[in-house]
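Report on the structure
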Amino acid sequence: MNTPQKTAEYQVVIVGMGPIGLSLANLLGQAGVRTLMLERDLTPYGLPRAVAVDDESMRVYQAMGLDEEIAPNLVMDLVANFVLPDGRLLANISPKDRSYWRSPMAFHYQPTLEDVLRKGTTRFTNVETRMGCMVCDVKQDSGGVTVGYRAAVAGCDPKAPTFSETVNTVRADYVVACDGGRSPVRELHGIKMSGRKYPDQWLVIDIKCPATPRHLPYFNYYCDPKRPHLNCPQPNGHHRFEFMLLPGETKEQMEAPETVRRLISKFVNPDEVEIIRALVYSFNGLVAERWREGRVLLCGDAAHMNPQFFGQGMNSGMRDASNLAWKLIQVLKGHASPKLLDSYQRERLAHYQKMLKISVQLGHIVSLRNPLAVWTRNTLASIARATPWLGKYIDDMGFKPRPELPAGLRIGMPRGLFGAEGKMMIQPNVRTLDGKHVRLDDLLGSGFALIGNGIDPRTTLNPSERKLWDELGTRYLCAWPAGQRPGGNGIPKSEDGELIEVECMTGTLDKWFNDHAGLLACGRGQVAVIRPDRFVLAQKPAQEMREVTRYVQAQFQGA
């Protein structure tokens, strides 16, 4: 390594400017964290990769203040069909749960999404971006991390940049690798990945149509033993097709223009569309053996890779970013011990593994070619559709793992039989004092929140306990059932500026509190403690908030 040319100081260096790195930068930027993003490419990638975005990810975008900019360029309310070669419907998926965001699953066009996220980072003077920087060294010591990188040579080909031999360095408290499945940062630390590389290869074809294809309204898995394939609608005339390679077919054959035109001609006129790309790829189900190496953390594909069949690669990375961001913020602000970061992998790994299992199973269902296996699949699917409860379970995508943190491994109190601890908090619309309807998250802020059900959640906090919650950036809400907000001469004439009072006109919040209070308990007078990533840390009667405060203090101090 040559003598370093320049040294700068940041709290976090993010390596990689894909959707996960950009999302993390937006979350850290909101909190005032001095952040530097380093990206190897000189220009944004510009081609679509991920296509699906679920309600959990959209809720993270909402936390950044960007979901309303992203939403106009989504195909909302996913409908997925498993279709037989003769056109008969094998199975249908049309989820309807809107507990977390207004569409449970949607399709996006990744370059458009990344453009919104990239512009989002420019809101923050504490977030800096450097393109054309190839990270070549990451060294830790007791005081921080030194990141070495080579800058692209001026005037080089942006599609194949050459890099200077001079090594520049920057200094940071933490480094987060969001640099993809081949993560150089992960490789520099000798972190191995385990799992399985699947032998099947698929040809992905992205096209742009003059208008949205009317005859292809839904996401279709074509369960065709002659050649399994799928089509996927995307916004603004974009569309994706994928075709499985058959034995003996090669990458060169499948990517040839004449092959691409022949395959898509079943659905569209090749002369009337723009073929954006055609690429053969295989899929992996791999996970890094550890996601934290001292001051270096792995996020997204650098930590794990998902097959494409359930659209959870990017969404899994978004869950990583949401989980990791608030913990880094609390550590960097001095409110928590660095040991808090050890909970990142513990909390995320089990959910990732569940998503991986579902993705692999869906891939197997679609890819079957053996006649007996195909007959068995079709027969079982017909029985499932004819069985009301099972058909509804599939239609509502009940097989998708719920957003839930593992017991015993999470930052959250133990859960009773009906408890909410470790579950994601719902997000209903609520009515404010001036009669406006807003989404719950828009009132919660970016830190912790205490929501009292018919009670001021501050009621039982003494000054020292209140100080701890204030330092964590806590918002305090009192939620009333519809029409039960107290009034009259005994009520203060204005809000105190710290307590936010709302009504839930649908009764959803009151029902949620009651459902999680237990058979013999009432949710009224209880307090839900919501983490910055919208998971429930505790739901307790107000008089037990002292116990909750002690728990948080112990967890954050690394006890």
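Now for a quick tour of the structure. (Residues numbered from 1 in each chain as written. Predicted model: local features only at pLDDT ≥ 70, side-chain atom pairs only at ≥ 80, totals over all residues. Heavy atoms only, no water.)

Here the focus is the packing of aromatic side chains. Summed over all chains, the structure comprises 15 aromatic pairs. Both rings, one in Phe 82 and one in Tyr 221, keep their centres 4.4 Å apart while their planes meet at 15°; by these two values the pair is stacked. Taken together, the residues span a long stretch of sequence, with Phe 82 in strand S4 (residues 80-83) and Tyr 221 in strand S12 (residues 219-222) at a distance of 139 residues. By relative accessible area, which is 6% here, Phe 82 ends up buried. Centre to centre, the rings of Phe 219 and Tyr 221 are 4.7 Å apart; their planes meet at 70°, and the pair counts as edge-to-face. Classification of Phe 219 as buried rests on a relative accessible area of 9%. For Tyr 221, a relative accessible area of 5% translates into the label buried. Three or more aromatic residues joined by ring pairs make a cluster, and in this case those are Phe 82, Phe 107, Phe 219 and Tyr 221. Across the ring face of Tyr 222, the terminal group of Lys 266 is positioned such that the distance to the ring centre comes to 5.3 Å. Lying across the ring of Tyr 174, Arg 295 places its NZ or CZ 5.4 Å from the centre. (Phe/Tyr/Trp six-rings, centres within 6.5 Å; stacked < 30°, edge-to-face > 60°. Helix = DSSP H or I, 4+ residues; strand = E, 2+ residues; numbered from the N terminus. Buried < 20%, exposed > 50% of the residue type's maximum accessible area, 1.4 Å probe, protein only. Lys NZ or Arg CZ within 6 Å of the ring centre and 35° of its normal.)

The phi dihedral of Asp 77 is positive, around 60°, even though this residue is not glycine. Here Asp 77 lies in the loop between helix H3 (67-70) and S4. Even without being a glycine, Arg 534 presents a positive backbone phi close to 75°. Of note, Arg 534 is situated in the loop between strand S24 (526-530) and strand S25 (536-541).

Judged from the four bridges that link them, S4 and strand S5 (residues 89-93) form a sheet pairing that is antiparallel. Counted as the bridge partner of Ala 80 is Ile 93 from S5. (Pairing = 2+ DSSP bridges.)

So, on to the environment of Gly 120. Within the element layout of this structure, Gly 120 appears in helix H4 (residues 110-121). You can call Gly 120 buried: its relative accessible area is 3%. With 51 residues separating them in the primary sequence, Gly 120 and Glu 69 have C-alpha atoms 9.8 Å apart. Among all residues touching Gly 120, those that are not within four sequence positions of it are Asn 26 and Leu 66. (Contact = heavy atoms within 4.5 Å.)

Moving on: helix H13 (residues 463-471). Buried residues of H13: Glu 465, Arg 466, Leu 468 and Trp 469, and no others. For H13, the angular spread of the buried residues around the axis is 155°, confining them to a single face. Residues Pro 463, Ser 464 and Lys 467 are exposed on H13 and point more than 90 degrees away from its buried face. In the core, the buried residues of H13 are packed alongside strand S21 (449-453), strand S22 (475-481), S24 and helix H15 (545-556). Immediately downstream of H13, the backbone of Gly 473 shows phi near 70°, a positive value. (Arc of directions from axis to C-beta.)

The final tally for this structure, using the stated rule, is one cavity of 30 Å³ or more. Approximately 40 Å³ is the volume attributed to the largest cavity. Around the largest cavity sit Glu 69, Ile 70, Asn 73, Leu 74, His 108, Tyr 109, Thr 112, Leu 113 and Val 116, which together line it. When residues of the lining of the largest cavity are traced back to their parent elements, those giving at least two are H3 and H4. Taken together, the residues of the lining of the largest cavity sort by class into five nonpolar, three polar and one charged. (1 Å grid on protein atoms, 1.4 Å probe; cavity = no way out; pocket = protein on both sides within 12 Å on 5 of 7 lines; lining within 4 Å. Points joined across faces, edges and corners; volume = space filled by probe spheres on them. Nonpolar A, V, L, I, M, F, W, Y, C, P; charged D, E, K, R; others polar.)

Tracing the chain through its elements places Gln 345 in helix H9 (residues 343-367). Here the side chain of Gln 345 touches Trp 291 through a polar contact of 2.9 Å, landing on its backbone nitrogen. When sequence neighbours within four positions are dropped, the list of residues in contact with Gln 345 reads Ala 288, Glu 289, Arg 290, Trp 291 and Arg 292. (Polar contact = N/O pair within 3.5 Å; in protein donor to acceptor, adjacent residues only side chain to side chain.)

Below, the discussion takes up the pairing of strand S13 (residues 229-233). Of all five residues that make up S13, five are buried, and the element is covered over most of its length. In S13, alternate side chains face the same way, and those of His 229, Asn 231 and Pro 233 on one face and Leu 230 and Cys 232 on the other are all buried. Here three bridges tie S12 to S13, and the two strands are oriented antiparallel to one another. Bridging across to S13, Asn 220 finds its partner in Asn 231. Hairpin connection from S12 to S13: six residues lie between these consecutive antiparallel strands. Of the strand pairs in this sheet, S13 and strand S14 (residues 238-244) are connected by five bridges, and their pairing is antiparallel. Bridge pairing in S14 links His 229 to Phe 243.

The next point concerns the packing of H13 against H15. Interaxial distance between H13 and H15 falls to 11 Å at its minimum, and their mutual angle equals 50°. Overall, the two elements H13 and H15 adopt an arrangement that is oblique. Handedness of the H13/H15 crossing: left-handed. Touching Glu 465, Leu 468 and Trp 469 of H13 are Met 545, Arg 546, Val 548, Thr 549, Val 552 and Gln 553, all from H15. (Axes fitted to C-alpha atoms, helices over the stretch in contact; angles between N-to-C directions. Parallel < 35°, antiparallel > 145°, perpendicular 65-115°, else oblique. Left-handed = near helix turned anticlockwise from the far one by under 90°.)

Put simply, the second largest pocket is a space of about 530 Å³. The wall of the second largest pocket is formed by 35 residues, among which Ser 322, Trp 326, Pro 532, Asp 533 and Arg 534 lie closest to the centre. For the lining of the second largest pocket, the secondary structure elements donating two or more residues are helix H1 (19-30), helix H2 (55-64), helix H8 (313-332) and H9. Residue contributions to the lining of the second largest pocket peak at nine residues, all from H8. Partitioned by chemical class, the residues of the lining of the second largest pocket number 14 nonpolar, eleven polar and ten charged.

Time to look at the sheet that holds strand S15 (residues 274-288). The strand order S5-S4-S12-S13-S14-S11-S15-S18 describes an open sheet built from eight strands, whose pairing is mixed. On the outer flanks of this sheet lie S5 and strand S18 (304-305), each paired with one strand and no other. Bridging between S15 and S18 involves two bridges; their strand directions are antiparallel. By the bridge assignment, Leu 286 is partnered in S18 with Met 305. Those strands touched by H9 are S4, strand S11 (193-208), S12, S14, S15 and S18, and its axis lies near 125° from that of S15.

In short, the description is geometric, and any link to function would need to be established separately.
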